[in-house]
Amino acid sequence: MTRHFLTDLDLSPDELVQVLDLADRLKAEPYALGALAGPQTAAVIFDKTSTRTRVSFAAGISALGGSPLIINPGEAQLGHKESIADTARVLERQVSLIIWRTYAQAGLEEMAAYSRVPVINALSDAYHPCQLLADLMTVRERLGSLQGRRLAYLGDAANNMAASYLLAGANAGMKVCVAGPQGHLPADHIVAAAAERARTTGGEVAVTTDPAQALAGAEVVATDTWVSMGQQEAAEPAETFADYQLNAQALQQAADGAVVLHCLPATRGAEITAEVMDGPASAVWDEAENRLHAQKALMAWLLVESGLAADEVVQWVRQEVSR
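Thresholds, definitions, all that
- Residues numbered from 1 in each chain as written.
- Predicted model: local features only at pLDDT ≥ 70, side-chain atom pairs only at ≥ 80, totals over all residues.
- Heavy atoms only, no water.
- Pairing = 2+ DSSP bridges.
- Helix = DSSP H or I, 4+ residues; strand = E, 2+ residues; numbered from the N terminus.
- Axes fitted to C-alpha atoms, helices over the stretch in contact; angles between N-to-C directions.
- Buried < 20%, exposed > 50% of the residue type's maximum accessible area, 1.4 Å probe, protein only.
- Polar contact = N/O pair within 3.5 Å; in protein donor to acceptor, adjacent residues only side chain to side chain.
- Core = buried A, V, L, I, M, F, W, Y, C linked by side-chain atoms within 4.5 Å.
- Contact = heavy atoms within 4.5 Å.
- Salt bridge = Lys/Arg side-chain N within 4 Å of Asp/Glu carboxyl O.

**Q** What's the story with the sheet that holds strand 2 (residues 67-71) in this structure? I'm lost.
**A** Strand pairing in a sheet relies on backbone hydrogen bonds, with the paired strands running either antiparallel or parallel. An order of 2-1-3-4 is seen for the 4 strands of this open sheet, with the pairing classed as parallel. Two strands bound the open sheet, and with one partner strand each, they are strand 2 and strand 4 (119-123). Direction aside, neighbouring strands of the sheet carry axes that sit 20° apart on average. Taken together, the 5 bridges between strand 1 (residues 41-46) and strand 2 define a ladder with parallel strand orientation.

Below, the structure written as structure tokens:
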């Protein structure tokens, strides 16, 4: 059965650990695994602009021995002259992976339904699961473990990053609290799905409008831009989120030694101050780098689990994740 990665819960808790362990190994030995040797081609489709996603997937595919095929907006028939289903049927016969940074989650789900090769959500309006793999990898590097760690997210708690923090954090057994103003809180179905997964992992999820409640005891503090990509025209005034800025005063309310995350790009002086972003608590540059290693691990793992990897790749991955 082909495995896809469309939301944070497409990996079980044990599988999440496998991917993170594999990411650690590939960070230590970047060219140890030729999962896409051939070179095989991976299609990387962009409906939205990108820096970290574009570079990390292109570099990661190359490091795995493959060839990235970057498809920019307007360069394919997808979505206007050709249906998603028909595009999937074409791509699956010519590439080994389909990676798509897009708007509607439904499009990714349709692509996966008609594809016999793994489809990866490189960002949608609903979720950003690849970013969370990098974030969890970074937290493990800084703090040594994920289980029971307290994570606070401040800002627009209705966006894709807040959703993925709830889901991925619960999947990792973390205690996640997201804080945002009224009208900018996560959808009920996201909170319910995260809470259900947390019951199996020992994690916890909470939603609040009080930033101090979220920050209390937090070992990880995360934020994101107040204006999500493609939503500039409908953006709320900055005053709406002013109480949720990640600044020195907010960081003092978290646990000693708390780690600061931001998926970037950041608007310095809005959701995060330069003092915090460039300060000793910040892990944002490690986090950005870890997109590369986490996504390499994910791609290799999906190929193995889908029965699409060469025997030597299967053996290498199985050996590493069983350590």
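Past the structure itself, the notes keep going.
**Q** Teacher, can you tell me more about the side chain of glutamate 15 here?
**A** Mapped onto the secondary structure, glutamate 15 falls in helix 1 (residues 13-28). A relative accessible area of 16% places glutamate 15 in the buried class. In terms of polar contacts, glutamate 15 uses its side chain to reach the side chain of arginine 3, at 2.9 Å.

**Q** Just to check I follow, could you spell out the nonpolar core for this structure?
**A** A general tendency of soluble globular proteins is for nonpolar side chains to be buried together. Membership of the largest hydrophobic core comes to 67 residues, with the highest contact counts inside it found for Leu22, Leu33, Ile99 and Met174. The greatest single-element share of this core, amounting to 9 residues, is contributed by helix 11 (residues 284-305). Contacts of methionine 174, omitting those with residues within four sequence positions, involve Leu136, Val139, Leu146, Gly148, Arg149, Leu151, Gly169, Gly203, Glu204 and Val220. If you look at the next biggest cluster of nonpolar residues, it comprises 21 residues, including Ala214, Tyr244, Leu251 and Met277.

**Q** Got a minute to help me understand the side chain of glutamate 320 in this structure?
**A** As for its placement among the helices and strands, glutamate 320 is situated in helix 12 (residues 311-321). With sequence-adjacent residues up to four places away left out, glutamate 320 is seen in contact with Leu22 and Arg25.

**Q** Any chance you could explain the pattern of salt bridges here in plain terms?
**A** Once their charged atoms are close, side chains differing in charge can pair, the charge on each being opposite to the other. Inspection of the entire model under this criterion finds 13 salt bridges. One salt bridge in this structure joins glutamate 320 and arginine 25, with 2.7 Å as the shortest N-O distance. With glutamate 320 in helix 12 and arginine 25 in helix 1, this residue pair connects regions lying 295 residues apart in the sequence. Taking relative accessible area as the criterion, arginine 25 reaches 17% and is therefore assigned buried.

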